[in-house]
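Analysis of the macromolecular model
Here is what each chain is made of, one letter per residue.
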Amino acid sequence: MTDDLQWKRFEELHDRQLSFFREKKFVDAAEMWKDAAGEFEAAGFSEHAAHASALAGSAYSCAQENAEALAAYKRATELEPTDAIHRLAAGRFLLEFNNDPGQALGEIEAAIDLAARNPNTLYSLSEALGLLGVAWLRLGRLQEADELFQSTCRTAAAGPLKPALDLRLASEYAKQGRFTKEGAQFAVDAAEWAKATNNDDLMARVKGLERHNETSA
C-alpha cells in the first residue's frame, strides 16, 4: 500500500471515529485505532502506526480506560521513539489523567529533549516545558518551578508559541493562589496571540483562567 493510500485510509478511519464519538462509543473508536495501528505496522508504516496508537490512547482516555490508554500511548513512543509529540502525549496523560507527576517527568523531559532538537516541534516544546513546571509544582519542587516560571516564561526560549507555556503554568499557579498578578498578564498576552492566530483552544484556556481568577478574587 502506498503512502497516499495509507493517508486515505486514515481519512476513512477519522470519519468512523466521528461517528463513534457522536454516539459516545469511545471504546469502539479506541479498538478501531488499535487494530489500525497493527495494520499500519504490518505494512511497514511506523509513523502511521504510532499516530493510530496515540489516537487509540486518546479514545481510551475518553472512556476512562486508563490502563489501556497508557499502553496505547507507550506503544506510540515505541513505534516512533524520536517523535516528541508521542512522548508529550504519554507525559500529559500520566500527569493529567493518571495524576502521576513522578512517572510523567521522564516522558516530559524526553519530549523536551527531542523537541528542542527539531525546529518543527516548537509547539510541543512550549507545552512540554509548561507540563514540566506543572509536574514540579505537584511534586513540591517549588524552586525549580518558580525558576521556570520566572525565566522561560519571560523569554522567547519557547519560540513564538510560548503563550501556551505561559498560560499552562499560570493556570497551575492560580490553583495554588500564587502569582495571580503575573498570571493575569499572561492571560492578556495569550488572548492577544489567540486572536491573532485564530487559536480557539488557546482562547478557551484563557477564558478558563479568567473565570478562575474572578471566582477566587
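Let me sum up the structure you'll find in this document. (Residues numbered from 1 in each chain as written. Predicted model: local features only at pLDDT ≥ 70, side-chain atom pairs only at ≥ 80, totals over all residues. Heavy atoms only, no water.)

1. A closer look at the overall build of the protein chain
- Counting its regular elements, the protein chain contains eleven helices and zero strands.
- For 217 residues, the compact-globule estimate of 2.2 N^0.38 gives 17 Å, and the C-alpha radius of gyration of the protein chain, at 18 Å, lies within 12% of that figure.
- The dimensions of the protein chain, computed from C-alpha atoms along their principal axes, are 55 × 35 × 35 Å.
- In the protein chain, the proportion of contacts linking residues at least 24 apart, taken out of those at least 6 apart, comes to 57%.
- Entry remark: accessible area of the protein chain is about 11100 Å², with carbon and sulfur atoms responsible for 51%.
- Taking the average place of the 24 positive charges on the side chains of the protein chain and the average place of its 35 negative ones, the gap between the two points comes to 4 Å. (Helix = DSSP H or I, 4+ residues; strand = E, 2+ residues; numbered from the N terminus. Rg over C-alpha atoms; globule rule 2.2 N^0.38 Å. Contact = heavy atoms within 4.5 Å. Areas by Shrake-Rupley, 256 points an atom, 1.4 Å probe, with all protein chains shown as cover. Lys, Arg positive; Asp, Glu negative; His and termini not counted. Charge placed at Lys NZ, Arg CZ, Asp CG, Glu CD.)

2. Some remarks on the packing of aromatic side chains
- Overall, the coordinates contain five aromatic pairs when judged by the stated rule.
- Aromatic pair F10 and F40: ring centres 5.1 Å apart, planes at 5°, arrangement stacked. One end of the pair, F10, is in helix α1 (residues 3–22); the other, F40, is in helix α2 (residues 26–42), with 30 residues separating them in the sequence. As far as the burial class goes, F10 and F40 line up, both buried.
- Arranged with centres 5.5 Å apart and planes meeting at 15°, the rings of F93 and F97 form a pair that is stacked. (Phe/Tyr/Trp six-rings, centres within 6.5 Å; stacked < 30°, edge-to-face > 60°. Buried < 20%, exposed > 50% of the residue type's maximum accessible area, 1.4 Å probe, protein only.)

Purely spatial values, then, with no claim about function.
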